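# Notes for the structure review
Here is how the chains run, residue by residue.
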Amino acid sequence: MANIQKDLMSYSKKTDSIQKQLHDKDSKTETVKILSRFFKEKSRKVVTAAVSSEENLALKRPTTQSSTMWDYAASRAVDGNKATSFSQSSCSHTNDDPGEPNWWRVQLDRPYRVRKVTVTNRGECCANRLDYFIVGLTNSTEDPVIGTYPLCGQYPSTVAPGATVTLNCDPDISAGQYVIVQQPSNGTGWLTLCEVEVYGEPVVKAAVSSEENLALKRPTTQSSTMWDYAASRAVDGNKATSFSQSSCSHTNDDPGGPNWWRVKLDRPYRVRKVTVTNRGECCANRLDYFIVGVTNSTADPVWISHLV
């Protein structure tokens with residue numbers, strides 16, 4: 001991620017370089033080649049960074065537990081701090097007696113196919129409370145009851161004081177949004193977790209004969225609007241190409257102005273392709289050599305001048 005941020009910080013420098021090259025070129029073909037080299041370079045860096053690192057899906061996500069002793073809240077187990085002593089205020093702690101539930105749960109941002117769960121044990125006392133712990137994965141918000149939720153797995157042994165251990169999930173388990181850590185039914189009582197990390201992949205829809213248009217009826221905006229030709233018309237599902245059919249968007253910037261349009265998808269995607277339908281009865285050249293970008297920023301798009 002650090003490499004990606006570095007690339008983005010140098011975006012303006014890249015832009016200046018491209019603009020200089022464009023001023024030196026008379027051919028529109030050369031313009032497209034220059035842009036193609038630039039965006040291919042950016043794509044390679046993003047893909048490499050994504051593969052080389054793992055994301056802890058539980059970090060700072062909402063948590064709850066069966067009960068809480070003093071101020072040892074469930075959220076302490078996902079604060080990113082692996083300190084193992086209670087005096088360092090970074091461990092969670094339930095307050096149930098032995099034989100009672102003693103569970104802890106984190107809500108991921110969406111359902112994931114969880115591959116592994118890493119847990120850090122308390123170090124200065126009572127390490128046996130994490131022995132043979134159970135991990136479950138569910139989409140239910142009901143209080144966990146052992147045997148009623150899909151089992152990621154059970155740790156096969158005792159856990160040493162202050163140790164960080166990893167439990168690999170059953171590869172056949174269904175995707176879920178809630179990860180549960182719980183003592184076995186014969187547990188010692190009081191569940192203490194100094195850090196919980198969750199790793200996996202989001203659910204990917206199986207390939208089907210038709211593709212889903214991720215932009216359809218999603219929120220839109222544009223640099224300006226002429227009359228009532230709103231940005232939303234470009235994602236209304238209607239491919240009519242005449243203005244009289246009231247299904248085209250239209251900005252109102254002068255030539256040389258920003259003239260951009262943007263749609264907000266429901267979440268981040270690795271976009272494969274973008275399909276655009278042009279106006280039919282007039283002014284088709286306004287879409288010539290158009291540019292498509294993908295970003296997580298809500299700032300107005302930075303405009304590269306004199307592309308064509």
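For the structure, check the block above.
Residues numbered from 1 in each chain as written. Predicted model: local features only at pLDDT ≥ 70, side-chain atom pairs only at ≥ 80, totals over all residues. Heavy atoms only, no water.

## Focus: the packing of aromatic side chains
Which entries qualify depends on this criterion: Two aromatic rings from Phe, Tyr or Trp, using only the six-membered ring of Trp, form a pair when their centres are within 6.5 Å; if the ring planes differ by under 30 degrees the pair is stacked, by over 60 it is edge-to-face, and anything between is tilted. Only DSSP runs of H or I reaching four residues or more are called helices, and only runs of E reaching two or more are called strands; each is numbered from the N terminus. Each residue is assigned to one of three classes by its accessible area relative to the maximum for its type, calculated with a 1.4 Å probe on protein chains only: buried under 20%, partly exposed between the two thresholds, exposed over 50%.
Taken as a whole and assessed by the stated rule, the structure comprises five aromatic pairs. Centroid distance F133 to Y155: 5.3 Å. Interplanar angle 5 degrees. Geometry classified as stacked. Within this pair, whereas F133 is found in the loop between β3 (103-120) and β4 (134-138), its partner Y155 is found in the loop between β5 (151-154) and β6 (164-168), the two being separated by 22 residues in sequence. Each of the two residues, F133 as well as Y155, counts as buried. On the numbers, 6.0 Å between centres and 65 degrees between planes, the contact of W227 with Y229 is edge-to-face. When its relative accessible area of 13% is taken as the criterion, Y229 is described as buried.

## Observations concerning the pairing of strand β9 (residues 195-202)
Here is the rule: Here, strands pair whenever DSSP counts at least two bridges between them.
Burial analysis of β9 places six of its eight residues in the buried class, which makes it a mostly covered element. Here β3 pairs with β9 via eight bridges, running antiparallel. Residue T118 lies in a different strand from β9, and its bridge partner there is E197.

## A look at the environment of V274
For V274, the location among the structural elements is in the segment after β11 (261-263). For the pair V274 and N213, spaced 61 residues apart in sequence, the C-alpha to C-alpha distance is 9.4 Å.

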